[in-house]
Amino acid sequence: MAVFSWVGSRRLLSVGALSLPLWFGVSEARAQDGQSLYDIGCASCHGADGRGASPDRIAFDDPLPDFTECSFASREPDADWIIVAKAGGPVRGFSETMPAFGEAFDDAQLQSVMDHIRTFCQESAWPRGELNLPRPLVSEKAYPEDEAVWTTGVNAESPGAVVNQFVYEKRFGPRSQIEIKVPFGFAPAASDSEWGAALGDVGVGFKHAVAHNDRSILSLATEVKLPTGDVDRGFGADAVRIEPFVALGQILPNDSFLHFQGGVEFSTEPDVVEHEAFLRTAIGRTFTSGEFGRAWSPMLEVLGSVDLESGSRVNWDLVPQMQVTLNTRQHVMLNLGVRFPVTNTDQRGTQFLAYILWDWFDGGFLDGW
Ligand code: HEC
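Every value quoted in this text rests on a predicted model; they were computed, and no experiment measured them.

(A) Examining the site of the ligand more closely. Around the ligand lies a shell of 23 residues, among which Cys42, Cys45, His46, Ser95 and Met98 are the nearest. His46 is positioned with one of its side-chain polar atoms (N or O) 2.7 Å from a nitrogen atom of the ligand. One of the backbone N or O atoms of Ser95 is found 2.7 Å from an oxygen atom in the ligand. Elements supplying a minimum of two residues to the shell around the ligand: helix H3 (43-46), helix H5 (78-87) and helix H6 (107-118). Counting residues per element, the shell around the ligand draws most heavily on H5, at three residues.

If you want it as structure tokens, here you go:
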């Protein structure tokens, strides 16, 4: 039996247990708040409480997200979810069961629906996903992440070397993260000039976001580097190093952003490996091709480091680079850049750098292409 029912100023056509909005009802709802729009457009599938309607009330098998789950909801930037609501699931590699609302709701209405969805996760401990800024090639981000990054560096100048680094980052709780770094590569040995494969100094790190607001995130972190590397091939240092640092991520106007990382690398054998202070910063901006498309983030990274014992001149490097999202889900990214030494150029050469980043929380590597 079909009946019209009036809920406030909303007109719903109720067929048994299923409530469908009448679209002229939606335009009537133009002035309404996000909650009403959500109840009209989204609740039939996503549930009035945001947890997803119970399976016996929906006619599809796709699993529904739980908007009350902060560990999932907080990391998704508003803009990404608004695009999904506007253009439908496939625009970000999701199921087409998730309909497109671009015709029914204007941008302001979609934003107010978004604001309502945000009320489902009330815990302010979770930094918002907007603070997860594009990752530079070298500097560490402040945002705690679930990601895997494979970076490759190729020395442009003789004697040459190929240096890879695999980083696995695992977030836990609202603000903490542990990581493991495994460097390895190919280089000629200093002793006999023979090329060979070698392991670098394996590192383990812990990071905690101590403060965040809508535009900034500040983290404290420590990394311990173990002397597992092949020193003869230039892949390590003969001492355990402990590296406390601070990292800041800052959203700037016009889709621009800034990263800052500064710290000290303390050596357990300062006679062999000196203590070092470092400062890394990157500034960039994100451009989107088309309204829903690929994100391009050109960045300029500035790297400084100095040995603290000998007081040698500061090493300054510049790293212009371009990060681009590779797939529709936008959770697999490529970054290409070149590291140019600016000072002490006799000690360090130009290096080509690239990484592939996989934000593994958002889906398998092959999902959402
Ligand atoms: C017909 C059912 C249906 C309706 C109505 C619906 N959705 Fe969805 N929505 C889905 C399904 C199913 C998924 C999961 C798709 C997937 O995982 O492939 C989804 C996923 C989403 C996601 C992606 C979450 C993520 O995993 O990142 C967002 C955001 C979303 N919906 C917002 C909305 C909003 C806002 C509305 C109302 C304006 C709405 N949906 C209405 C079925 C629906």
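Picking up where we left off.
(B) A look at helix H2 (residues 34-41). With respect to burial, H2 is a largely interior element, six of its eight residues being buried. Among the residues of H2, those classed as buried are Gly34, Ser36, Leu37, Tyr38, Ile40 and Gly41.

(C) Spatial organisation of the packing of aromatic side chains. This structure, assessed with the given rule, holds 10 aromatic pairs. Pairing Phe101 with Phe105 gives two aromatic rings, centres 5.6 Å apart and planes at 25 degrees, and the pair type is stacked. An identical accessibility class is assigned to Phe101 and Phe105; each is buried. Summarising the aromatic geometry, the rings of Tyr168 and Trp360 are spaced 5.8 Å apart at their centres and angled 5 degrees between planes, so their arrangement reads as stacked. With a gap of 192 residues between them, Tyr168 in strand S5 (residues 162-172) and Trp360 in the segment after strand S17 (351-358) connect regions that are remote in the sequence. The class of Tyr168 is partly exposed, set by a relative accessible area of 33%. Residue classification places Trp360 among the partly exposed positions, given a relative accessible area of 21%. Across from the ring centre of Phe361, 3.4 Å away, lies the NZ or CZ of Arg75, which sits over that ring.

(D) Here's a closer look at H6. An ideal rise of 1.5 Å per residue puts 16 Å on 12 residues; H6 measures up with 16 Å between its terminal C-alpha atoms. N-cap assignment for H6: the residue whose side-chain oxygen lies 3.2 Å from the backbone N of Ala108 is Asp106.

(E) Local environment of the pattern of salt bridges. A complete count under the given rule lists 20 salt bridges for this structure. One salt bridge in this structure joins Glu243 and Lys225, with 3.1 Å as the shortest N-O distance. A residue pair is termed long-range when its members are at least 10 positions apart, and Glu243 in strand S10 (residues 241-252) and Lys225 in strand S9 (residues 216-225) qualify at 18 residues. No difference in accessibility class separates Glu243 from Lys225, as the two residues are buried. Taking relative accessible area as the criterion, Lys225 reaches 19% and is therefore assigned buried. The network of salt bridges with common partners includes Arg135, Lys141, Glu145, Glu147 and Glu169.

Here is what the cut-offs are and how they apply
- Residues numbered from 1 in each chain as written.
- Predicted model: local features only at pLDDT ≥ 70, side-chain atom pairs only at ≥ 80, totals over all residues.
- Heavy atoms only, no water.
- Near = heavy atom within 4 Å.
- Polar contact = N/O pair within 3.5 Å; in protein donor to acceptor, adjacent residues only side chain to side chain.
- Helix = DSSP H or I, 4+ residues; strand = E, 2+ residues; numbered from the N terminus.
- Buried < 20%, exposed > 50% of the residue type's maximum accessible area, 1.4 Å probe, protein only.
- Phe/Tyr/Trp six-rings, centres within 6.5 Å; stacked < 30°, edge-to-face > 60°.
- Lys NZ or Arg CZ within 6 Å of the ring centre and 35° of its normal.
- Expected span 1.5 Å × (residues − 1).
- Salt bridge = Lys/Arg side-chain N within 4 Å of Asp/Glu carboxyl O.

Just distances and angles here, no functional claims.
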